[in-house]
Amino acid sequence: LFFLLLSDVRSSALRRLTSKENSGQPLYDSGPVGISATDELQLFLAQVQDAAPVCKAVANGDFIQKITVPVQGSVMVQLKEVINTMVERLAEFASEVTRVSDEVGTQGKLGGQVSEVALGGTWQELCRTVNKLAANLTDQVRAIAQVTKAVALGDLSKMIEVDAQREILELKTTVNGMVIRLRKLAEEVSRVSLEVGTLGNLGGQADVPDVEGVWWQFTNNVNKMCLNLTQQVRSIATVTTAVAKGDLTQRIEIEVEGEMATLKDTVNSMVQQLNTFASEVTRVALEVGTMGVLRGQAQVEGVQGTWADLTNNVNKMAENLTAQVRSIANVTKAVASGDLQQTVQVDVQGEMLDLKNTVNSM
């Protein structure tokens, strides 16, 4: 474009040279006095050609060079000022665009804007476009950051509302979908935890559709935990209910670990001890009370507390009954043999005391 301009200027100058030579007038109004038309044309062309490197540098994106050579003539002075001003403004515009691009795109300093440069037309539109791009990117990134930060803090009520297109729209949709799924996951886990852990409604399961990866594993683990807890508690409840009804044949058979294993062993041991206790008490009661086999004692190993006291009381009762019956039997046997010297000496109470007094009186 510059060389087309130069060619046009050359042709125009030649026409003016021919015209001035014919009229005897100088080519420039302010041109040097006494210079020939030919020299004047050469000077004009030389000055125009001095602008070529500057224009070429601008075309190559170099905004450092300017026209520094002295010029003559109002046209060349104006051309020099216009080109140098253009270079300055383009350099300022490029510097501003580079700054905003570096701040927003590299350093992450959102909110940057290109300062207004005294340019018009396309350059002004380009400046506004860059500012709009930076502003949109700032709004979008800040909206996404706000939502993801809220998620990290456990706030699942926020959504990305900013307008977006294409890949940013896909990211917006993905983040919002993630928030919705996490919200559903949190609601379901809270519901199941409340039902199973607080309200005692066993068998609850979290229902979270469309989850994948870690979230699916998390949901599956929660459901597995609730299922295992349900089975364990129900198994313990079944055995303890049976014990309450006098059924000492059932045991907790479900596989458990940790503290649940300790609880399982404790309950099963309790049932075993109760079973042994019941069996021994029944045996002693049958032997002493029905079969007349006195002196029987209940043998229940490992019992403590109330169960040990109860075992001792049963054995004491059997021992007292044995002593009382044998004492009365000895006296009545002596009477039957004609020996009236013996009396019942054992300590007794209640009806046994009446029986003792009756025998002794007899």
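Refer to the preceding data block for the structure.
Here goes a summary of the coordinates provided.

**Quick notes on the overall build of the chain**
Within the chain one finds ten helices and zero strands. N-terminal to C-terminal, the α/β element order of the chain is α-α-α-α-α-α-α-α-α-α. The burial tally for the chain puts 30% of its 362 residues in the buried class. Per element, the accessible surface of the chain, about 23400 Å² overall, is 53% carbon and sulfur.

**With respect to the packing of helix 5 (residues 121-152) against helix 6 (residues 166-198)**
Put simply, helix 5 and helix 6 touch, their axes get as near as 11 Å, and they point 15° apart. Here helix 6 runs roughly parallel to helix 5, going by the angle between their axes. Note on packing geometry: the crossing formed by helix 5 with helix 6 is left-handed. Of helix 6, the residues touching helix 5 (which contributes Gln140, Ile144, Val147, Thr148 and Val151) are Ile168, Leu171, Val175, Met178, Val179 and Leu182.

**Some thoughts on helix 8 (residues 258-290)**
For helix 8, built from 33 residues, the straight-helix expectation of 48 Å at 1.5 Å per residue is met to within 8% by its first-to-last C-alpha distance of 47 Å. Among the residues making up helix 8, those that are buried are Ala261, Lys264, Val267, Asn268, Val271, Leu274, Phe277, Glu280, Val284, Glu287 and Val288. Considering only its buried residues, helix 8 is in contact with helix 7 (213-244) and helix 9 (305-336).

**Side note on a nonpolar patch on the surface**
A grouping of Leu286, Met291 and Val293 is seen on the molecular surface, where their side chains present a nonpolar patch of about 270 Å² in accessible area. Structurally, Met291 can be placed in the loop between helix 8 and helix 9.

Cut-offs and rules
Residues numbered from 1 in each chain as written. Predicted model: local features only at pLDDT ≥ 70, side-chain atom pairs only at ≥ 80, totals over all residues. Heavy atoms only, no water. Helix = DSSP H or I, 4+ residues; strand = E, 2+ residues; numbered from the N terminus. Buried < 20%, exposed > 50% of the residue type's maximum accessible area, 1.4 Å probe, protein only. Areas by Shrake-Rupley, 256 points an atom, 1.4 Å probe, with all protein chains shown as cover. Axes fitted to C-alpha atoms, helices over the stretch in contact; angles between N-to-C directions. Parallel < 35°, antiparallel > 145°, perpendicular 65-115°, else oblique. Left-handed = near helix turned anticlockwise from the far one by under 90°. Contact = heavy atoms within 4.5 Å. Expected span 1.5 Å × (residues − 1). Patch = residues over 30% accessible without salt bridge, like charges linked within 9 Å, V, L, I, M, F, W, Y side chains within 5 Å. Salt bridge = Lys/Arg side-chain N within 4 Å of Asp/Glu carboxyl O.

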